[in-house]
Every structure is written in structure tokens, then in C-alpha cells.
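Chain by chain, the residues:
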Amino acid sequence: MAGIRVTSVDWQWPRNGADHHTQEYPGPELVVRRGQVFTFTLELSCPLDSKEDLIFTVQTGPQASEALRTKAVFQTSEPQVGNVWTAAKEVQEENTVTVRLASPPDAVIGRYLLKARVASRRRHSDRKLGDFVLLFNPWCPEDDVFLASEEERQEYVLSDSGVIFRGVEKCIRAQGWNFGQFEEGILNICLSILDRSPSHQNDPATDVSCRHDPIYVTRVISAMVNSNNDRGVVQGQWQGKYVGGTSPLHWRGSVTILHQWSRGRFKPVKYGQCWVFAGAMCTVLRCLGIATRVVSNFNSAHDTDRSLSVDKYVDSFGRTLEGLTEDSMWNFHVWNESWFARQDLGPSYNGWQVLDATPQEESEGVFRCGPASVTAIREGDVHLAHDGPFVFAEVNADYVTWLWSEDERRERVYSDTKKVGRCISTKAVGSDSRVDITGLYKYPEGSRKERQVYSKALKKLLSVKAPGRRARVRRGGGRGLWRDDLLEPAHKPSITGKFKVLEPPVLGHDLKLALCLTNLISRVQRVQVNLSSATILYTRKPVAEILHESHAVRLGPEEEKKIPIAISYSQYKDNLTEDKKILLAAMCLAPKGEKLLVEKDITLEDFIAIKVLGPAVVGVAVVVEVMVVNPLLERVEDSVLMVEGSGLLQGQLSIDVPSLEPQGRALVHFSITPSKRGPRQLQVDLVSPHFSDIKGFVIIHVAAAK
């Protein structure tokens, strides 16, 4: 028996791919999931005695060792107890033996080298059989990432496209996103993200040994998707200027970004904003086997000082004073949720965990956020790891407005304090519709339970330093008050007001609105109304003022009056950002010193329609028809369609669009040849030098080849 050796290996890709739900990975390595058996067949130089055992060695990472659980040695005959690697002969025939090999459900994930030798041979005779990649396993009940619902596993692990919700609370819009976790080279890039992390560079052996834990892995990925502390994947930019890079709104998915980072020798890709970070992190975590979804929070607070209030300073026209305002409330913010157990916190905190790769605040000295248990956020348990105070504030902070006078006095202005954390949204399982998950994050606004949780969180913030965040509660610069002083509400004025949109706000058209003021008392009031409007970024940072006017309004007893407001296209066209957003503000000064601030965020609408002309079948070309509309009152040249879709075409397609007459329409046709069956997302963007990208997508159901 001394001369026996392995001559070839059949990794049984079809069988293992189907059993492990990994058949979409393109190879060439075998990809399997932990806590589950996989099989392979060894061809030997001569028959193996049926009583002869095979000894296998698996190892991952540098300086692999059994002590660190990055290496295991085991043989076919030994009965194994506990969470260990095991092997058994399944079939033995002449010169071949088929082996069933199983990893423990808490094994380190990553690329493994597998070696084998016959038990009777010396140790140095190990034969390298090849590499395989081991992933997390949401199908395995013993794995921390186990997810019970098959429908949810299909959506949150295997779906390679999705929808990200953007816009404003009153006008939420869906944007398609190509996650593309099964595209060529993406798995290798996702593993290299782990290997490029500072924790791996500093102590590679220990870092790899921690990769059994989804808490550890997701925290590393959260830091590495942004580039702030390392040569991470994406560089953020929120100033509206994207020289030397790509505008965040031009990305249609993660694949191009990840390839660009890898091919550019790990130089951060320019540029990203919150949905880009979330889209990229969703790709990486789904690729590694962790169920992950993208979540959008509308009116999302960025509380810089852990006071649970967003303090906004304005002038007498309601314009934000940037130099004084440290906190902010974004129109929307996008993060991720991943599903796994919290062995560090206890089973009541298992389930969805918030992860945020957008670099907003440091956590333990690094720009990252999470995992924070969604249950802990809802219950106000902000002292629990990781970064609970920041996430709690994003959805619960009070929105407090201060009128700042030239003599540096400040005065609380009546405004809607409960506008933070609205319409928290994610894509529905199995469809592109929006699901509101606000109830997972907080109890109904204004309810007794919601106020109890808020008070509980505030007490914990004042008494306990939560892991990963600064302990400062008092606002810098000496302007701040202790939080108890801020709880005193502003005096409710004797007038109310709201902006009303009279015609749909369409890109390229004039805006027509009205400020509706109502007198709540039975005597005449004279109100000074100071109106302002500015183009803004989605972070609500003003770009340029486009309206500044005052009105003296006489309100009869309990009278409602409409003040018409018109903003022409010429007023906003030169300063409109790619976010297509405008903020209106009215500071209403009533008698006896009463003050009311009314605000409205507007997103300008656009149009694109996509139609597939015929059935879609793998390997068969099908024509797509796109209707585009010029939103402007001027002729537009040099427009192109940018097309992308995993399983529908390789890479990106660029198609010239004919000249578009003022507000004119055009039909553009092109063909695609699907390469994968099932529901596939096709993204089509109209890109023009004259206006912001107009984005659209359609789901195409591709049938198997006949």
C-alpha cells in the first residue's frame, strides 16, 4: 500500500452547488457552506484497502493552527463528537473513493486548502487536492446566520439585484441596484476585502481565526467598504463636486465599483454616498453568505453629540446657519440590516442587525457602525454593542429649531419635532414594492410606550458610556444646554401653516406652490411671512438660494389664506444638484412674539419607460424598447442610455440617443441576450450633459433554454 497516491479529484460541482445553493458562483473553485456535508471523488493510483483510512487536513489563512481553529486534521474512521470537521467514505470502487466531508457550523469562513494522505503513509506524504471556499450558511439551523424562511433566503442571500428607496418622505422613489454577488471575480474580491483590513494587516493569524463570527466579519466589512481609515472600497463625497471620479448617482450597482477597486490595486473608488456604501456592503455580505437587505430611513438624524436632538439654527427667513448647525437631518439615509444571532447580547437580540458603512462618526476609533440590534433600538437599550446611541438617534431624535439673532440670542421656534425617522423602508420579499418597517425600530410616534423608551434611552446615555461612541452629551462651543432644558417644548403659536404643491414638480418646469396659513383664534392677526428657498443636497445642505421674499399677511378670525409661490425653471436650473431637491422655508412672525417655521422638501420628477418586446429565454436575443423624454424647454443633444443587468448582458452597454426636441420624446431599441434564468433586473439610465441622470429599471423573467 505504500505506493498509493491520489491522481485526480472530481469536486462534483453540480451536486455540491445544488445542495449548498452555490451553483451561481462561477468557479473555478468549489464553493460550499459551513455546517453541511459536501462530496468529492478521489481517483487513486491503485485500489485502496477497504480497511485503510484517509487522513485529511484543511487549513485557511497564514500560520494556520489547530489552536486557532484555522486548521483541522481528521480521518475517515474516527467517530467525531462536537462541532468538528468530519470525513466518511460514501462509495469505494476499485481505484476511486467518494468522500463525504463536513465542516462545523461555526467554522472560520474563507478559502481553504484541502490535503489528503493514506493513513498508513508518512505525514509528509500529504497530497494537495486543491482549494475550496467555505461560506456562512443561512440554511443550517446551527449556524449563527440561520434564517428559517426559504423565501427570505432566496431574497436576502441569493437575489443578485434589488431596489433602494430614495427621495423625500412624501415622494419616495425606487432605484434599481445590481448587487451582482455571483459575477466573475466578485467572491475573490469580497475575500480580499477581509484580507486588506487593518486588523488582518496587523495580525493576520488572529484576524482569520475570528472569521467564524458574523459580528466580527460584518464589523470589519462596515469599516472596509468606506475608505476613511484604510484603503477601503469607496471614497465618500458630499459636496456636490465629483472631479476626478464618478458621481454617486451614476453608479447602477456594485460590480463595477468592486472590480475598479481590485484592478486599481485597492485604491479607493471615487465617489460614493450612503446608498452606494449600502449597495456595496449588501453585495459583499450576501456573497459571503449572510442574509442582508438595504434599508432607507427618511428624515434621518445625524446627532453629533448624543443629546437625542437635532438642533438646527436658522435666521429670520428660515435659512439654515451652516456655521452654527452641527447636527443635521438628511432627507434620507440608507444602511443595511443583516440577520444573525447575537451570542454577545443574548437571544432576545437575535435577528436583524443594523450595519452602516457610510463614514459619519467613528466607532472605537474607526469609521464604521454596527452591528446594532434592531430590537435593542426599539427597546431603547442603547448601552448594548455596537453603536446603539447613534442608530437610535437616527430614527428617534427630536428636531429642534432655534432662531439665531444678530446679537447672538437664540429662541426656540415652533416646528414639527417628531419628523425624524419616518417611512423606514426596504424592498418586499419576492417583489419590488416598498415595505414600511418603521414598527421594527420604534413604537408608534407619540404613544406612551414610545415616550417611555425615549426616556429610558436618554437616561442610559446620560449614565452609561455605550461601546464604540463618545461620551460627550453637552454641545460644543458653549451654546448647548443639558438635554432636560431642551425637553421644554416651544410655545404653540396661534397660527398654523403648510406648503401645498399646486402642480406636480417636474424637472425643467416652473414650480407652483402655495403657503396655506390658518388663524386659530377669533381675532384679526397680522403676520410677517419671510419666504426662502434653496437648492439642496439630499443631506439638506443648501447649495444656492433661489427665492427670498417677504409678505405682510392679514388673517381674519379663523381665516385660512393661501400665499402663491412661483419658482421659475430659470431660477433653479443653474444650481440644481443631481439630487434634484429644493427646500422651501417660511418663517412666520405672529403678534406677541410667536414664531412658526414651515418647511417643505421637494424632489423634481422625471420620466423613463422600459418595455421588453417578447419572451426572454436564456441564450436567445430579445429586443428592449425605451421611451425617453426631454424634460427641458430646449433641444438636447449628446444623450446616451447606460444599460446594466446581471444575467442579462456582460458589463455595461452604452447606446446613443437621437436629438431630443424641447420636451420631446424618442423611442430607443436595443437587444440583450440573457445568460441566466429567473427574475433579472435590467437598469436603464438616460445620461445627458444638460440634466441629471434619469434612472429606470424593469424586472425581466427569463425562462430556461428550450
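Definitions and cut-offs
Residues numbered from 1 in each chain as written. Predicted model: local features only at pLDDT ≥ 70, side-chain atom pairs only at ≥ 80, totals over all residues. Heavy atoms only, no water. Helix = DSSP H or I, 4+ residues; strand = E, 2+ residues; numbered from the N terminus. Rg over C-alpha atoms; globule rule 2.2 N^0.38 Å. Buried < 20%, exposed > 50% of the residue type's maximum accessible area, 1.4 Å probe, protein only. Contact = heavy atoms within 4.5 Å. Areas by Shrake-Rupley, 256 points an atom, 1.4 Å probe, with all protein chains shown as cover. Lys, Arg positive; Asp, Glu negative; His and termini not counted. Charge placed at Lys NZ, Arg CZ, Asp CG, Glu CD. 1 Å grid on protein atoms, 1.4 Å probe; cavity = no way out; pocket = protein on both sides within 12 Å on 5 of 7 lines; lining within 4 Å. Points joined across faces, edges and corners; volume = space filled by probe spheres on them. Nonpolar A, V, L, I, M, F, W, Y, C, P; charged D, E, K, R; others polar. Pairing = 2+ DSSP bridges. Axes fitted to C-alpha atoms, helices over the stretch in contact; angles between N-to-C directions. Core = buried A, V, L, I, M, F, W, Y, C linked by side-chain atoms within 4.5 Å. Right-handed = clockwise from strand over helix to strand, strands pointing away. Polar contact = N/O pair within 3.5 Å; in protein donor to acceptor, adjacent residues only side chain to side chain. Phe/Tyr/Trp six-rings, centres within 6.5 Å; stacked < 30°, edge-to-face > 60°. Salt bridge = Lys/Arg side-chain N within 4 Å of Asp/Glu carboxyl O. Patch = residues over 30% accessible without salt bridge, like charges linked within 9 Å, V, L, I, M, F, W, Y side chains within 5 Å.

**Some words on the overall build of the protein**
Regarding its fold elements, the protein presents 14 helices and 39 strands. Computed over C-alpha atoms, the radius of gyration of the protein comes to 29 Å, within 12% of the 27 Å expected from 2.2 N^0.38 for 706 residues, which places it in the range of a compact globule. If you line up the protein on its principal axes, its C-alpha atoms span 105 × 65 × 40 Å. Taken over 706 residues, the protein has a buried fraction of 58%. Within the protein, contacts between residues separated by at least 24 positions form 70% of all contacts whose residues are at least 6 apart in sequence. In the form shown here, the protein has an accessible surface area of approximately 28,300 Å², with 50% of it arising from carbon and sulfur atoms. Of the charged side chains in the protein, 87 are positive and 86 negative; the average position of the first set lies 2 Å away from that of the second.

**A short note on the environment of Ile424**
Locating Ile424 in the fold gives a position in strand S23 (residues 422–427). By relative accessible area, which is 0% here, Ile424 ends up buried. C-alpha separation for the pair Ile424 and Val391, spaced 33 residues apart in sequence, amounts to 13 Å. The residues contacting Ile424, other than those within four sequence positions of it, are Val295, Ser296, Asn297, Val395, Val435, Asp436, Ile437, Thr438 and Tyr441.

**A few points about the layout of surface pockets**
If you roll a probe as big as a water molecule over the atoms, it shows you where there is empty space left. Considered as a void within the structure, the largest pocket measures approximately 740 Å³ in volume. Around the largest pocket sit 26 residues that line it, and Gln154, Leu158, Ser159, Gly678 and Pro679 are the ones nearest its centre. Taken together, the residues of the lining of the largest pocket sort by class into five nonpolar, twelve polar and nine charged.

**Details of the sheet that holds strand S33 (residues 616–617)**
Here we have five strands laid out as an open sheet, ordered S33-S39-S38-S35-S36, and mixed in their pairing. Strands with a single pairing partner mark the edges of an open sheet, and in this sheet they are S33 and strand S36 (652–656). Pairing geometry for strand S35 (residues 640–644) and S36, over five bridges, is antiparallel. Its bridge partner being in S36, Met642 is matched across the sheet by Ser654.

**Quick notes on the sheet that holds strand S6 (residues 86–93)**
If you trace the four strands from one edge of the open sheet to the other, you get S1-S3-S7-S6, paired in antiparallel fashion. For this open sheet the edge positions go to strand S1 (6–10) and S6, each flanked by a neighbour on one side alone. Taking each pair of neighbouring strands and ignoring which way they run, the sheet shows an average axis angle of 30°. Alignment of S6 against strand S7 (residues 96–102), held across seven bridges, turns out to be antiparallel. Bridge pairing in S7 places Glu93 opposite Thr96. Relative to the sheet, helix H1 (residues 13–20) contacts strand S3 (37–44), S6 and S7, its axis offset from that of S3 by approximately 170°.

**Some words on the nonpolar core**
Ile221, Trp275, Leu288 and Tyr441 are the most contacted members of the largest nonpolar core, which totals 95 residues. Among the elements that take part in this core, helix H8 (residues 274–288) stands out by supplying twelve residues, more than any other. If sequence neighbours within four positions are ignored, Ile221 has contacts with Ile193, Leu194, Met281, Val284 and Leu285. Core analysis: the next-biggest nonpolar cluster, separate from the first, contains 58 residues, Val527, Ile608, Leu649 and Ala666 among them.

**Looking at the environment of Val334**
Positionally, Val334 belongs in strand S16 (residues 328–340). Each C-alpha atom of the pair Val334 and Val295 lies 5.6 Å from the other, and the pair is 39 residues apart in sequence. The residues touching Val334, leaving out its near neighbours within four places in the chain, are Ile164, Phe165, Cys274, Trp275, Ala278, Val294, Val295, Ser296, Asp356 and Thr358.

**A closer look at the environment of Ala566**
Turning to its location among the elements, Ala566 is positioned in strand S29 (residues 560–567). Overall, Ala566 belongs to the exposed group, its relative accessible area being 58%. Remark: the alpha-carbon pair of Ala566 and Ala514, spanning 52 residues in sequence, is separated by 8.4 Å. In this structure Ala566 touches Leu511 and Gln571, once residues within four positions along its chain are discounted.

**Re the pairing of strand S13 (residues 269–272)**
The sheet contact formed by strand S12 (residues 234–236) and S13 spans three bridges and is parallel. Its bridge partner lying in S13, Gln235 is registered against Lys270. For the crossover that starts at S12, traverses helix H7 (residues 255–263) and ends in the parallel S13, the hand is left-handed.

**Concerning the side chain of Lys676**
Within the secondary structure layout, Lys676 lies in the loop between strand S37 (665–672) and strand S38 (678–688). Given a relative accessible area of 19%, Lys676 falls into the buried group. Among the polar contacts made by the side chain of Lys676, one reaches the side chain of Glu24 at a distance of 3.4 Å. Ignoring anything within four residues of it in the chain, the contact list for Lys676 reads Glu24, Phe182, Glu183, Val618, Gly647 and Val702.

**A look at the packing of aromatic side chains**
Two measures describe an aromatic ring pair: the distance that separates the ring centres and the angle between the ring planes. Under the defined criterion, the tally for this structure stands at 24 aromatic pairs. Arranged with centres 5.4 Å apart and planes meeting at 10°, the rings of Tyr112 and Phe132 form a pair that is stacked. Placement of Tyr112 in strand S8 (residues 110–118) and of Phe132 in strand S9 (residues 127–135) is noted, with a sequence separation of 20 residues between them. A relative accessible area of 0% places Phe132 in the buried class. Feature note: the residues Trp11, Phe38, Phe40, Phe56, Phe74, Trp85, Tyr112 and Phe132 constitute an aromatic cluster, connected by ring pairs.

**Examining the pattern of salt bridges**
Considering all chains together, one arrives at 42 salt bridges under this definition. A salt bridge links Glu322 to Lys541; the shortest N-O distance between them is 3.5 Å. Taken as a pair, Glu322 in the loop between strand S15 (309–314) and S16 and Lys541 in the loop between strand S27 (525–536) and strand S28 (542–555) lie far apart in primary sequence, 219 residues in all. Note that Arg451 and Glu450 form a salt bridge whose closest N and O atoms lie 3.0 Å from each other. The class for Arg451 is partly exposed, based on a relative accessible area of 28%.

**Describing the pairing of S27**
Among the twelve residues of S27, ten are classified as buried, and the element is accordingly described as predominantly covered. As defined by bridge partners, S27 adjoins S28 across twelve bridges and the pair is classed as antiparallel. Looking at the pairing, Val529 lines up with His551 of S28. Linking S27 to S28, which pair antiparallel, is a turn of five residues; within it Arg540 sits at a positive phi near 70°. Pairing of S27 with strand S30 (residues 581–589), which is carried by nine bridges, proceeds in the antiparallel orientation. In the strand pairing of S30, Ala534 is matched with Leu583.

**So, unusual backbone geometry**
Pro371 follows Gly370 through a cis peptide bond whose omega is 5°. Tracing the backbone shows Pro371 in the loop between strand S19 (366–367) and strand S20 (372–373). The peptide bond linking Ala385 to His386 adopts the cis configuration, its omega dihedral lying at -5°. Mapped onto the elements, His386 comes out in the loop between helix H9 (374–379) and helix H10 (388–396).

**Looking at a positive patch on the surface**
On the surface, Lys170, Lys498, Lys500 and Lys562 cluster together to form a positively charged patch. Turning to its location among the elements, Lys170 is positioned in the loop between strand S10 (161–168) and strand S11 (171–178). Looking at Lys170, the relative accessible area reads 71%, which means it is exposed.

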